[in-house]
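# A look at the structure
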Amino acid sequence: MKLRNATVADHDVLVEMFSDLITTIYKGFKIGQPFFFHRTVIAWFEKNNDVIICEKDDGTVVGFSMGYVDDIGFIEAYYKGEIAYVKPEFRKTRCAYLLYNNLANYAKQQGFHIISSAYVGGDNRDQVDKLQSRWGKPMFIEYTTAQGANNG
């Protein structure tokens, strides 16, 4: 497994993975049209967000992360590790570790604290806690009334 900067040539695979992520996280919600996924991925590039691809040695894309510096004014600027996603069939590999480690190291090198959200639905709470706790501690947990959400 290796990491590389995403390019606009990765647009379609990023849209596919982002759509899969949203569908998984927002189970129980009606999912929007593909246009919105395409528009969001395009915006990442327009804003110069840090989009990183994780791929196998043969070039197969297996996951990605997206982060950026956020300065909301009432606290010091920080690095927002917005997304880290790994395709289900590659979740027992080092990909998630590489993506999270890359986000955390980049923030540290730039002198920023990092804030990252994680989906803890289904049966992945322990795995997420094990991985995320290497770089920080939890701040918030969100709750929803959507049927089927966060319970597998």
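Before reading on, note that the structure itself is shown above.
From a predicted model like this one, the values you see are computed outputs, not experimental measurements. (Residues numbered from 1 in each chain as written. Predicted model: local features only at pLDDT ≥ 70, side-chain atom pairs only at ≥ 80, totals over all residues. Heavy atoms only, no water.)

## Quick word on the overall build of the protein chain
Of the regular secondary structure elements, the protein chain holds four helices and five strands. Listing every helix and strand of the protein chain by position from the N terminus yields β-α-α-β-β-β-α-β-α. The proportion of buried residues among the 152 residues of the protein chain is 34%. Of the roughly 9,900 Å² of accessible surface on the protein chain, a fraction of 51% belongs to carbon and sulfur atoms. (Helix = DSSP H or I, 4+ residues; strand = E, 2+ residues; numbered from the N terminus. Buried < 20%, exposed > 50% of the residue type's maximum accessible area, 1.4 Å probe, protein only. Areas by Shrake-Rupley, 256 points an atom, 1.4 Å probe, with all protein chains shown as cover.)

## What about the packing of aromatic side chains?
Within this structure, the stated rule accounts for seven aromatic pairs. Three or more aromatic residues joined by ring pairs make a cluster, and in this case those are Phe-18, Phe-37, Trp-44, Phe-64 and Tyr-85. (Phe/Tyr/Trp six-rings, centres within 6.5 Å; stacked < 30°, edge-to-face > 60°.)

## Some thoughts on the environment of Val-69
For Val-69, the location among the structural elements is in strand β3 (residues 61-70). Overall, Val-69 belongs to the partly exposed group, its relative accessible area being 43%. Those residues within four positions of Val-69 in sequence are excluded, and the remaining contacts are Ala-77, Tyr-78, Tyr-79 and Phe-112. (Contact = heavy atoms within 4.5 Å.)

## Regarding the environment of Phe-37
Looking at the element boundaries, Phe-37 is found in helix α2 (residues 34-46). As for Phe-37 and Leu-14, which are separated by 23 residues in sequence, their C-alpha atoms are 9.1 Å apart. Beyond its immediate chain neighbours, meaning those up to four positions away, Phe-37 contacts Val-15, Phe-18, Ser-19, Ile-22, Ile-31 and Gly-32.

## Remarks on the sheet that holds strand β1 (residues 2-5)
Through backbone hydrogen bonds, the strands of a sheet pair up, either in parallel or in antiparallel fashion. As summarised here, the arrangement of the five strands in space is β1-β2-β3-β4-β5, forming an open sheet in which the pairing is mixed. The open sheet terminates on both sides in strands that have one partner only, identified here as β1 and β5 (114-116). Within this sheet the neighbouring strands show an average axis-to-axis angle of 25 degrees, counted without direction. Bridging between β3 and strand β4 (residues 78-86) involves eight bridges; their strand directions are antiparallel. Directly across from Met-66, in β4, lies its bridge partner Ile-83. (Pairing = 2+ DSSP bridges. Axes fitted to C-alpha atoms, helices over the stretch in contact; angles between N-to-C directions.)

## Overview of helix α1 (residues 11-25)
Along its 15 residues, α1 runs 21 Å from first to last C-alpha, staying within 8% of the 21 Å computed at 1.5 Å per residue. The complete set of buried residues in α1 reads His-11, Val-13, Leu-14, Val-15, Met-17, Phe-18, Leu-21 and Ile-22. Where α1 is buried, its residues contact α2, β2 (50-55), β3 and β4. (Expected span 1.5 Å × (residues − 1).)

## Remarks on helix α3 (residues 95-110)
The end-to-end C-alpha distance of α3 is 23 Å, a good match for the 22 Å that 16 residues give at a rise of 1.5 Å each. Those residues of α3 lying buried are Cys-95, Leu-98, Leu-99, Tyr-100, Leu-103, Ala-104 and Ala-107. Downstream of α3 by a residue or two, Gly-111 has a phi angle that is positive, lying close to 80 degrees.

## What to know about the nonpolar core
Formed by 18 residues in total, the largest nonpolar core has its most connected members in Leu-14, Met-17, Phe-18, Trp-44, Val-51, Phe-64 and Ile-83. Every element with two or more residues in this core is listed here: α1, α2, β2, β3 and β4. In terms of residue count, the dominant contributor to this core is α1 (seven residues). Non-local contacts of Leu-14, meaning those with residues more than four positions away in its chain, are made with Ala-6, Val-41, Phe-45, Val-51, Ile-53 and Phe-64. (Core = buried A, V, L, I, M, F, W, Y, C linked by side-chain atoms within 4.5 Å.)

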